[in-house]
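Each chain, letter by letter, is given below.
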Amino acid sequence: TGLAKIKDVQQLKIVGQSPQRYDIPAKVDGSLKWAVDVTLPGMVHARNVKPPVAGATLVSIDESSVRGIPGFVKVVSKGNYVAVVCEREEHAIQAARQLKVNWKKPTTAPFPTSENLHAFMRRATPTLSLEPVVVGNTAAALAGAAKVVEADYDVPFQGHTSIGPAHATADPSNDQLTIYSNDMKSYGMRNGVAEFLKMPRDRVRVIWMEGPQGYGRTAADDAGFEAAFLAKELGRPVRVQWMRNEETAWDTKGPAYTFTMRGGLDAQGNLVAFDYDARAADHHHLGYNEHDTVLIAQLTGVRRQPNRGGASTPNEMYAIPNRRMAAHVVSMPLVWETPLRTGNLRDPNGPQTTFASESFIDELAAAANADPVEFRMKLLTASAADDSGFKRARSIAVVKAAAEKFGWDSRPSPRPRATGDILTGRGIAYAYRNQTVVAQIAEVEVNRRTGKVWVKRFVCGHDCGLVVNPEALRRTVEGGMLHALSRALYEEVQFDTEKVTSVDWVTHPTLRHTDTPAAIDIVMVNGDPNPNRPDLPHYGAGETVCKTTLAAVGNAIYDATGVRLRRVPFRDA
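Everything numeric in this text was worked out from a predicted model, so none of it was measured.

## Here we look at the sheet that holds strand β21 (residues 519-524)
If you walk across this open sheet you meet the 4 strands as β18-β19-β20-β21, and the pairing is mixed. Bordering the open sheet on either side are β18 (422-433) and β21, each of which pairs with just one other strand. Shown here is a sheet whose adjacent strand axes are inclined to one another by a mean of 15°, direction ignored. For β18 and strand β19 (residues 436-447), the ladder comprises 12 bridges, and the chain directions are antiparallel. Within β19, the residue paired with Gly 425 across the bridge is Val 444. Set on the sheet, helix α12 (residues 470-489) makes contact with β19, β20 (453-463) and β21; between it and β21 the angle comes to about 130°. Helix α13 (residues 544-561) rests against β18, β19 and β20 of the sheet, and its axis sits at about 150° to β18.

## Quick look at the nonpolar core
Judged by nonpolar contacts, the single largest core of 82 residues is most densely connected at Phe 259, Leu 364, Phe 375, Val 399, Tyr 430, Val 444 and Val 553. With 9 residues, α13 is the largest single contributor of residues to this core. Apart from the residues within four sequence positions on either side, Phe 259 is in contact with Arg 122, Ala 151, Asp 152, Tyr 153, Val 155, Tyr 276, Asp 277, Ala 278, Gln 352, Thr 353 and Ala 356. Counting residues in hydrophobic clusters, the runner-up holds 52 residues, among them Phe 157, Ala 168, Leu 230 and Val 500.

## Regarding the packing of helix α9 (residues 350-367) against helix α10 (residues 372-380)
The geometry of α9 relative to α10 is characterised by a closest axis approach of 9 Å and an angle of 105° between their N-to-C directions. Judged by the angle between their axes, α9 and α10 are roughly perpendicular. On α10, the residues touching Glu 358, Ile 361, Asp 362, Leu 364 and Ala 365 of α9 are Pro 372, Phe 375, Arg 376 and Leu 379. Classifying every residue of the contact of α9 with α10 by side-chain character gives 6 nonpolar, no polar and 3 charged.

## Here we look at α10
Of all 9 residues in α10, 7 are buried, a share of seventy percent or more. What α10 keeps buried is the set Pro 372, Val 373, Phe 375, Arg 376, Met 377, Leu 379 and Leu 380. The inward-facing, buried residues of α10 contact β15 (257-265), β16 (271-281), α9, α11 (391-406), β18 and α13. The backbone nitrogen of Val 373 lies 3.0 Å from a side-chain oxygen of the residue at the head of α10, namely Asp 371.

## Notes on the packing of aromatic side chains
Under the criterion given, the structure shown has 12 aromatic pairs. With a centroid separation of 5.5 Å and 90° between ring planes, the pair formed by Tyr 153 and Phe 355 is classed as edge-to-face. Placement of Tyr 153 in strand β8 (residues 147-155) and of Phe 355 in helix α9 is noted, with a sequence separation of 202 residues between them. Of the two residues examined, Tyr 153 and Phe 355, each falls in the buried class.

## Section: the pairing of strand β1 (residues 44-48)
In terms of burial, β1 is a largely internal element, 5 of the 5 residues being buried. One ladder, built from 3 bridges, connects β1 with strand β13 (residues 238-241); its direction is parallel. Among the inter-strand pairings, His 45 is bridged to a residue of β13, identified as Arg 239. In the sheet, β1 pairs with strand β4 (residues 81-86) via 4 bridges, with the strands oriented antiparallel. Across the sheet, residue Arg 47 finds its bridge partner in β4, namely Val 84.

## Section: the environment of Gly 224
Residue position: Gly 224 is located in helix α6 (residues 220-234). Through-space distance from the C-alpha of Gly 224 to that of Arg 475 is 29 Å; in sequence the pair is 251 residues apart. Other than its neighbours up to four places away in sequence, Gly 224 contacts Ala 168, Ile 179 and Met 189.

## Regarding the sheet that holds β4
On the basis of which strands lie adjacent, the open sheet formed by 7 strands has the order β3-β4-β1-β13-β10-β11-β12 and mixed pairing. At either end of the open sheet lies a strand with only one pairing partner, and these are β3 (72-78) and β12 (204-208). With strand direction ignored, the average angle separating the axes of adjacent strands in the sheet is 20°. Bridge count between strand β11 (residues 177-181) and β12: 5 bridges; the pairing is parallel. By the bridge assignment for β12, Thr 178 is matched with Arg 205.

The rules behind each value
- Residues numbered from 1 in each chain as written.
- Predicted model: local features only at pLDDT ≥ 70, side-chain atom pairs only at ≥ 80, totals over all residues.
- Heavy atoms only, no water.
- Pairing = 2+ DSSP bridges.
- Helix = DSSP H or I, 4+ residues; strand = E, 2+ residues; numbered from the N terminus.
- Axes fitted to C-alpha atoms, helices over the stretch in contact; angles between N-to-C directions.
- Contact = heavy atoms within 4.5 Å.
- Core = buried A, V, L, I, M, F, W, Y, C linked by side-chain atoms within 4.5 Å.
- Buried < 20%, exposed > 50% of the residue type's maximum accessible area, 1.4 Å probe, protein only.
- Parallel < 35°, antiparallel > 145°, perpendicular 65-115°, else oblique.
- Nonpolar A, V, L, I, M, F, W, Y, C, P; charged D, E, K, R; others polar.
- Polar contact = N/O pair within 3.5 Å; in protein donor to acceptor, adjacent residues only side chain to side chain.
- Phe/Tyr/Trp six-rings, centres within 6.5 Å; stacked < 30°, edge-to-face > 60°.

Nothing here speaks to function; it is all geometry.
Here it is in structure tokens:
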């Protein structure tokens, strides 16, 4: 019939097992060939020379400034794109630093400073306002509430800042353009490069290899297009690698957000009104391997109508009788050829929106003098309505599972003030992404003298339906929490009115081994309430936990100190 019968879960023999990973031995002993290791006969090395300030235009190049460098091959330029090519990599690096280029600065500032970013976003006229989600009459409920809580939250631009900067190698040999890349969407790169270079698609091939940039719209897209462009120009294999300062400054950014929140409680401490208003700096949001929005396309002068972008609202199953959720997009003054170009970063809008909404739910619980877990459970159980994926029942299950594993004791936050330098606290956050549901608890130690926050323990209740490989799932969730913890404690793109100024591990710090929690407990939950089906389908598990980490850590800091931090990252100062 052409239709294969799906096996019952009880018949599956591989699913549910955790076979040994074939890739780890080669990664440990150094024998694995990564995308960055590709070498080809006749290969040359290229480095690009990016504009010193955003929006600058190329005036002239003095090629004589690099002709004396050993193995110098060529300076390639088109529009505002400039690259130097040499036989050896160290000479390409030298040439990129030594090349004399005359640039003209733009007449208007391309963006506000990072210190003024959120004030700018609040003042700006939105370029897009999404249709608000409205339940009941929020304004009337707030007007009649016994207690009203208001708060603003801010999340800055955050970058991918991969430990291994973007790179790719392209080979134009034998009338075939072959690109070696760790870009996450090989077929998309093939299609995009073919369009960009106006080549037949069947003459472009992308070979995926292991590499350090996995989640989201990384600069691996851009490096692959650069290598392909230069290989076609030179007729030789070309290897391109960005420098650390370029990777940190010019990779695509997760969008900055501002939030204004209002909530109303009745005399019994029940949440009767919730007003959520978000603004995202996301007007020029970039897709994957788009031939007309990759950085080299922008720099060579390609222009199109900018993407509308988007902004998100919270993902939870709380039953609140009166609710309004609104989201808007604002744009920076410069849309093209800017380092503040936004693209998907691991769970594109989730950490920002969940930080604001779940922190505010914690504020409301504190205002109601209620335990944070019990306050959330009351909201989840206030309705029996559910969706086809049983997200309400599964949300209840993961919150219960996380609290039980943690050993949660019922009390309001913050905890009674302790003496001494080290204060301890716990915080919870919950969300879903598509059909995967997560509840995460963080236990922190805060040094009140230095401001240092150490997340001592993470507990995560995680329901992604059918678990194919338990060990791989556990490590994926661990990795997601640690990635998001780095974003909670350290990561922020900083800039003046011309350029990004956080360009290395000092100015843009990241999580270190000393920040690792002492314990990470993951509870795999299958909260499907249907007794006739023992498992849901398998859903994604790579990104959902990134939603909850920022809020869980922020709520734990509040529990420890009584101080509500409404802006990430939570740096020591």
